[in-house]
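Observations on chain architecture
Chain by chain, the residues run as shown.
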Amino acid sequence: MHIIEFEGLLGKHLFAVEETVNSNFRKSITEKLKIHLHFSQNFNMDFYGIFSHKLFIETDKDDVVKAITIHFGEVINRQFYDSFVKQYGKPNTISIIDKRTIISGGVDKTSDGFFSNISKSELSLREGTFEEKPLFMIWEKDGYYIQAFLRHKQNISEIMFSTESPPFNVKPNKP
């Protein structure tokens, strides 16, 4: 099984990603966010033993790749984690939810009649291990970052390869 090294596609043009993953991307409307997002069409990939059907690419205005996010329809398991650690080393950060405080909440009704339960929470995090069901894990590499975000209750996860630091208090590891 060939595993794509997504970190090698960071800084390349979007065409390089399309060619490597053998998939075309559709640009998402993100004018308000001031970023350029592209999502895959007809994407299917076995990545360290877990299947993915969704791939998102963030580019600059010239379509140079800044981040690649692989979405999974399940939480990353121990076999995936062990294989990933074999390739990239142990994560620099494994963050576990220590305490969750719900600040506000309510029910919202959409214009088409659907209801959604919305809540705002504040989390207290601590360092932990993979066995403790982490919220996220971060690898600081030379010139890039890897962030795994695991949503255990929703049974989904994602891995992001990025040239920029994740939105957490992580300092860059410069070569």
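Summary of the structure given here. Given the structure is predicted, the values throughout are model-derived calculations rather than measurements. In this convention, every chain numbers its residues from 1, walking through the sequence in written order. Reporting of local features is limited, given that this is a predicted model, to residues whose pLDDT is at least 70; pairs of side-chain atoms are given and counted only at 80 or more, and all residues count toward the totals for whole chains, interfaces and linings. Side-chain metrics in this entry use all non-hydrogen atoms of the structure; hydrogen atoms and water are not considered.

We now examine the layout of surface pockets. The calculated volume of the largest pocket comes to roughly 410 Å³. Lining residues are defined by having an atom within 4 Å of a point belonging to a cavity or pocket. Those points lie on a 1 Å grid over the protein atoms alone, cavities being sets where a 1.4 Å probe fits but cannot get out and pockets being open sets with protein on both sides within 12 Å along at least five of seven lines. Residue lining of the largest pocket: 15 residues in total, with Ile97, Arg100, Leu135, Arg151 and Gln154 positioned closest to the centre. Note on conventions: DSSP H or I runs of at least 4 residues are helices, E runs of at least 2 residues are strands, and numbering of each starts at the N terminus. Counting only elements with at least two residues in the lining of the largest pocket, the list comes to strand 7 (93-109), strand 8 (115-127) and strand 10 (144-151). Gly counts as polar in this scheme, as do all residues outside two lists: the nonpolar Ala, Val, Leu, Ile, Met, Phe, Trp, Tyr, Cys and Pro, and the charged Asp, Glu, Lys and Arg. A breakdown of the residues in the lining of the largest pocket according to their chemical character gives 7 nonpolar, 3 polar and 5 charged. Grid points are joined across faces, edges and corners, and a volume is the space filled by probe spheres set on the points.

Here we come to the packing of aromatic side chains. Side-chain rings of Phe, Tyr and Trp (the six-membered ring for Trp) are treated as a pair once their centres are within 6.5 Å; stacked means planes under 30 degrees apart, edge-to-face means over 60, and tilted covers the remaining angles. Going through the model one piece at a time under the given rule, you end up with 15 aromatic pairs. Relative to Phe72, the ring of Phe47 lies with its centre 6.4 Å away and its plane at 20 degrees, an arrangement referred to as stacked. Of this pair, Phe47 sits in strand 3 (residues 45-47) while Phe72 sits in strand 6 (residues 65-72), and the two are 25 residues apart along the sequence. Overall, Phe72 belongs to the buried group, its relative accessible area being 3%. Each residue in the set Phe6, Phe47, Tyr48, Phe72, Phe80, Phe84, Tyr88, Trp139 and Phe161 is aromatic and connected to the rest through ring pairs, giving one cluster. The classification of residues rests on relative accessible area computed with a 1.4 Å probe and restricted to protein chains. Under 20% of the type maximum is buried, over 50% is exposed, and intermediate values are partly exposed.

Of all 6 residues in strand 9 (residues 136-141), 5 are buried; the element is thus mostly enclosed. Only strands joined by at least two bridges in the DSSP assignment are considered to pair. Sheet topology places strand 9 next to strand 10; 6 bridges connect them, and they run antiparallel. Opposite Met137, over in strand 10, you have Ala148 as the bridge partner. What sits between strand 9 and strand 10 in their antiparallel hairpin is a turn of 2 residues, with Gly143 showing a positive phi close to 90 degrees.

Turning next to helix 1 (residues 14-21). Regarding helix 1, the residues found buried are Leu14, Val17, Glu18 and Val21. Projected down its long axis, helix 1 carries its buried residues within an arc of 100 degrees, all on one side. Exposed and facing more than 90 degrees away from the buried side of helix 1 are Phe15 and Glu19. Note on helix 1: the residue one or two positions beyond its end, Asn22, has a positive phi of about 55 degrees. This arc corresponds to the set of directions leading from the helix axis out to the C-beta atoms.

By definition, a salt bridge exists where a carboxyl oxygen of Asp or Glu is found within 4 Å of a side-chain nitrogen of Lys or Arg. Scanning all chains against the criterion turns up 8 salt bridges. A salt bridge links Glu164 to Lys66; the shortest N-O distance between them is 3.7 Å. One end of the pair, Glu164, is in the segment after strand 11 (156-162); the other, Lys66, is in strand 6, and 98 residues separate them in sequence. Looking at Lys66, the relative accessible area reads 23%, which means it is partly exposed. In this structure, Arg78 engages Glu131 in a salt bridge whose closest nitrogen and oxygen atoms are separated by 2.0 Å. Of this pair, Arg78 sits in helix 2 (residues 78-88) while Glu131 sits in the loop between strand 8 and strand 9, and the two are 53 residues apart along the sequence. Each of the salt bridges in this network shares a partner with another, and the network as a whole consists of Glu58, Lys66 and Glu164.

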